[in-house]
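Examination of the molecular architecture
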Amino acid sequence: QEPAGGRRNPPPERPLQPCSALARCFNALVTKAVRAGEVDAKTRRQIFDAIGFTFPNRLLASRQPPAGCPKHTFRALGLTLLACFCTDPELAGHSQILNKIPTFNDVLVSPCDPDSTSMIDDVYQCLSAVLATARGPRELVTKGTVSALCQAYVNCSYGSDRALTLLLGLLAVAEAKCWQRDAPHLLAVLSKLSDDFLKSEDITKFELCEVLPHFIPLSPPLSQDSQGSECLRRLYKGLANVLASKLSQSQRDPALKLAACLVQACGSEWIPAGSAGSKFLALLVNLACVEVRLTLEEPDPLEVEGKKEVVTACYVLIEMGIQECLREEKPLLEEVQKMQLMRIMEEAFGAVIFYLRQVMQEQNKTEALTCHFLSAFFFVQVKEEELQDPFLFASVRVLGAWMAEETSSLKQEICELLPFLVHYAKKLFKEGSPAASLPQPELVSTEGSGLPPDALRFLLPGFCHLTAEDGPRDILISEGAPALLCEYFLHQWEVLTSKPGSLAPLTSPEMSLQTTCGIFLNLVVTAPDLIRRDKTFSSLMDVLLKSLPLLLPQKDHLVLAANVATLGLMMARILASSAGKRSSRWQSCALLRAGRDQGQGGWEIQGKQLQFLPWEKRHDQKPRGARNMQKIQQAEGLGLRDF
């Protein structure tokens, strides 16, 4: 007899000696006991306490069956006991169960005969229980379960539907790791799914629309692989057939979500060039715009809540539509189609603005109940739970994409919404600033990231356009946007330089810095008094002086360096009246000498232009100090005026 719980460390398990009558009797008794529906958790725990893990381990180690018994008798009995134990969540995560994962995988990929179906059922029960534990997903991925499940599904083995369910569960919690380790096997599953999607002509086609997005990786792109490209071709043809048909709401929504998933993964590369492809793309964007208008123009709170996922998918399709309408090189759309889509998208964005204004008005009403002055009407207090609403962020993001490219349409409506946009972006920025060095989550959820999304990043291009016009600029200034942008610039600079030793290559923080510089340049030119009186710009000036010497030696950051140098010189001229001529001269000197201090070169006046030249290309051989003083004097006079 084994000790209770099997906690003693026994010698290596010896195979059980075959005895056909005893084996059949014991197998029947155990199977009846552990599979009976009336056996509760307490009774099953008592079974474990009675035999522990040692006995199942010996059963699994026994290869020779009793005479007259199937060859997997002992193994099947051991797996039945483990399946019984796995009904207890504590035991499902036990190391003795996790160590059996290779055995489970072996059963799945082995040829199936009629006598082994119950054994496969037990394996799936064990794997499902392991997946639900904290350590389970990592152990399953690292020990090869993904490839075993893929083979079971592709080969249509017994229980392949359960293999697909387990794959969906693993991809939901560890997608990146699964694709990193088992991309060929997952591509084989995607190939089978896409083939079934193209060929099916019944309800299966729409069921596959729900499954397929889980098997479309964001990286690496499917178009880089021949097998992946073939999958994309099948998915395009299948979607073209679906969307060209008369569909119900329940049938159209999964198709739109699948199309949005393909756009996020591959852009528009999965849509072929030519007449058929352009018509399909126009139809896709048109359907997305109609769905947005139907949901948001006359919103029922319950209906909007249930449609958030599909409307978010439509936002992705509309963003693709904007990009394709602006595409000049090898466009998929004809000019007539572009004009038609722009009108249709304008109507859809009118619905988005209507929805956001309703959110703003609801928050204003809440604020008006607690504040007894009229100015509170324009102060938007977004509740904490609404800040975490992905749909609100998605609506702001897609509006930012429209504002970045279309500067004349819906201008008045957007101006009325600016107080809300500034306050919403500020709230999200304040929520995320303590974890500045961590990546921001996107619309597609990332593993292990709980940070608020960065709405300001998507609003910056639109703000850059708006600060060039008097009316929108005045609204942004009155709502505190310049101070927010200064804080955001400092934050993004810290993110960009967070890696010691060198700057990161071109990333979203650098692009945000470049766009923010463009906004500041607009303010410098159009609102110089703001630069003089707002103390935050003095802090910004200090950062510019410190950042330029780090940027100049980096060849990959010349655009940002040029933006910083230009902004710094123009701000130095404006700050001269408040800080004094000497301070202004020092700031200009610091900017002009930044490159020289790095040993890379220096700023040189060439005619009426200020240029940065390497030392070996500088033809002026005057002593460095005298030469720089002469150039600085010229820059403070002629050069700065030319800027």
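What counts and how
Residues numbered from 1 in each chain as written. Predicted model: local features only at pLDDT ≥ 70, side-chain atom pairs only at ≥ 80, totals over all residues. Heavy atoms only, no water. UniProt positions renumbered as here; feature names shortened; annotations may be inferred. Helix = DSSP H or I, 4+ residues; strand = E, 2+ residues; numbered from the N terminus. Buried < 20%, exposed > 50% of the residue type's maximum accessible area, 1.4 Å probe, protein only. Contact = heavy atoms within 4.5 Å. Areas by Shrake-Rupley, 256 points an atom, 1.4 Å probe, with all protein chains shown as cover. Phe/Tyr/Trp six-rings, centres within 6.5 Å; stacked < 30°, edge-to-face > 60°. Salt bridge = Lys/Arg side-chain N within 4 Å of Asp/Glu carboxyl O. Axes fitted to C-alpha atoms, helices over the stretch in contact; angles between N-to-C directions. Parallel < 35°, antiparallel > 145°, perpendicular 65-115°, else oblique. Left-handed = near helix turned anticlockwise from the far one by under 90°. Nonpolar A, V, L, I, M, F, W, Y, C, P; charged D, E, K, R; others polar. pLDDT = per-residue confidence, 0-100. Core = buried A, V, L, I, M, F, W, Y, C linked by side-chain atoms within 4.5 Å. Polar contact = N/O pair within 3.5 Å; in protein donor to acceptor, adjacent residues only side chain to side chain. Expected span 1.5 Å × (residues − 1).

With an unreviewed UniProt entry as reference, the protein is termed Neurochondrin, source organism Bubo bubo. Taken verbatim from the UniProt record of the protein, the Sequence similarities (unreviewed entry) comment is "Belongs to the neurochondrin family."

1. Considering the overall build of the protein
A tally of helices and strands in the protein yields 30 helices and two strands. Within the span of the protein, comprising 643 residues, buried residues form 49% of the whole. Taking as baseline every contact in the protein between residues at least 6 positions apart, the subset at least 24 positions apart corresponds to 71%. Element-wise, carbon and sulfur atoms account for 54% of the exposed surface of the protein, whose accessible area totals about 30800 Å².

2. Observations concerning unusual backbone geometry
Phi at Lys330 takes a positive value of approximately 50°, unusual for a residue other than glycine. Mapped onto the elements, Lys330 comes out in the loop between helix H16 (301-326) and helix H17 (335-370). You can call Lys330 exposed: its relative accessible area is 67%. The residue Leu410 is not glycine, and still its phi comes out positive at about 60°. Position of Leu410 among the secondary structure elements: in the loop between helix H19 (390-405) and helix H20 (411-432).

3. Considering the packing of aromatic side chains
Using the criterion set out here, one finds eleven aromatic pairs in the structure. Here Phe53 and Phe85 contribute two aromatic rings whose centre-to-centre distance is 5.8 Å and whose plane-to-plane angle is 85°, an arrangement assigned as edge-to-face. Pair noted here: Phe53 is in the loop between helix H2 (41-51) and helix H3 (54-61) and Phe85 is in helix H4 (residues 73-85), with a separation of 32 residues, a long-range link. Phe85 shares its class with Phe53; the two are buried.

4. A word on the environment of Met342
Along the chain, the position of Met342 falls in helix H17. For the pair formed by Met342 and Cys325, sequence separation is 17 residues and the distance between their alpha carbons is 7.5 Å. Among all residues touching Met342, those that are not within four sequence positions of it are Cys325, Trp402 and Glu406.

5. Some details on the pattern of salt bridges
By the definition in use, this model includes 24 salt bridges. Notably, a salt bridge pairs Glu291 with Lys307, separated by 2.5 Å at the nearest N-O pair. In this pair, Glu291 sits in helix H15 (residues 275-296) while Lys307 sits in helix H16, placing the two residues 16 residues apart along the sequence. For the pair formed by Glu291 and Lys307, the shared burial category is buried. Here Glu347 makes a salt bridge to Arg293, at a shortest N to O gap of 2.8 Å.

6. Quick look at the side chain of Thr312
Its place among the elements puts Thr312 in helix H16. Under the relative-accessibility criterion, Thr312 is labelled buried at 19%. Non-local contacts of Thr312, meaning those with residues more than four positions away in its chain, are made with Phe391 and Ala394.

7. A short note on the packing of helix H11 (residues 160-199) against helix H12 (residues 204-211)
Two elements in contact, H11 and H12, have axes whose closest approach is 11 Å; the angle formed by their N-to-C orientations is 155°. Compared by their axis directions, H11 and H12 come out roughly antiparallel. Seen along the crossing, H11 lies across H12 with a hand that is left-handed. Of the residues in H12, those in contact with Leu164, Leu168, Leu193, Asp196, Phe197 and Leu198 of H11 are Lys205, Leu208, Cys209 and Val211. Among the residues making up the contact of H11 with H12, the classes are represented as eight nonpolar, no polar and two charged.

8. Details of the confidence of the model for the protein
Averaged over all residues, the pLDDT of the protein equals 79, while 74% of them reach at least 70. Of all the helices and strands in the protein, helix H30 (residues 624-642) carries the lowest mean pLDDT, 38, while helix H10 (residues 145-154) carries the highest, 96.

9. Considering the nonpolar core
By size, the foremost hydrophobic cluster in this structure holds 183 residues, and its most contacted members are Phe215, Trp270, Val292, Met345, Phe349, Phe420 and Phe463. The dominant element in this core, judged by the number of residues it contributes, is H11, at 15 residues. With residues up to four places along the chain from it excluded, the contact list for Phe349 reads Ile318, Ile322, Val398, Leu399, Trp402 and Leu410.

10. Observations regarding the side chain of Ser147
Within the secondary structure, Ser147 sits in helix H10. Polar side-chain contacts of Ser147 include one of 2.9 Å to the backbone oxygen of Gly144. With residues up to four places along the chain from it excluded, the contact list for Ser147 reads Asp182 and His185.

11. Quick notes on helix H24 (residues 508-526)
Across its 19 residues, H24 extends 27 Å between first and last C-alpha, which sits within 8% of the 27 Å expected from 1.5 Å per residue. The complete set of buried residues in H24 reads Pro509, Glu510, Ser512, Leu513, Thr516, Cys517, Gly518, Ile519, Phe520, Leu521, Leu523 and Val524.

12. A few points about the environment of Asp253
When you line up the elements, Asp253 lands in helix H14 (residues 249-266). Taking the relative accessible area as the measure of exposure, Asp253 reaches 13% and is therefore buried. Each C-alpha atom, one on Asp253 and one on Val310, is 6.1 Å from the other, the two residues being 57 residues apart in sequence. Within the structure, the side chain of Asp253 is placed 2.8 Å from the side chain of Gln249, a separation counted as a polar contact.

13. Describing the packing of H3 against H4
Interaxial distance between H3 and H4 falls to 7 Å at its minimum, and their mutual angle equals 150°. By crossing handedness, the relation of H3 to H4 is classed as left-handed. Of the residues in H4, those touching H3 at Phe55, Pro56, Leu59 and Leu60 are Phe74, Arg75, Leu77, Gly78, Leu79, Leu81, Leu82 and Phe85.

14. Here we look at the environment of Ser478
Relative to the helices and strands, Ser478 is located in helix H22 (residues 470-478). The class for Ser478 is exposed, based on a relative accessible area of 54%. Remark: the alpha-carbon pair of Ser478 and Pro419, spanning 59 residues in sequence, is separated by 8.9 Å. Only 2.7 Å separates the side chain of Ser478 from the backbone oxygen of Ile475, close enough to count as a polar contact.

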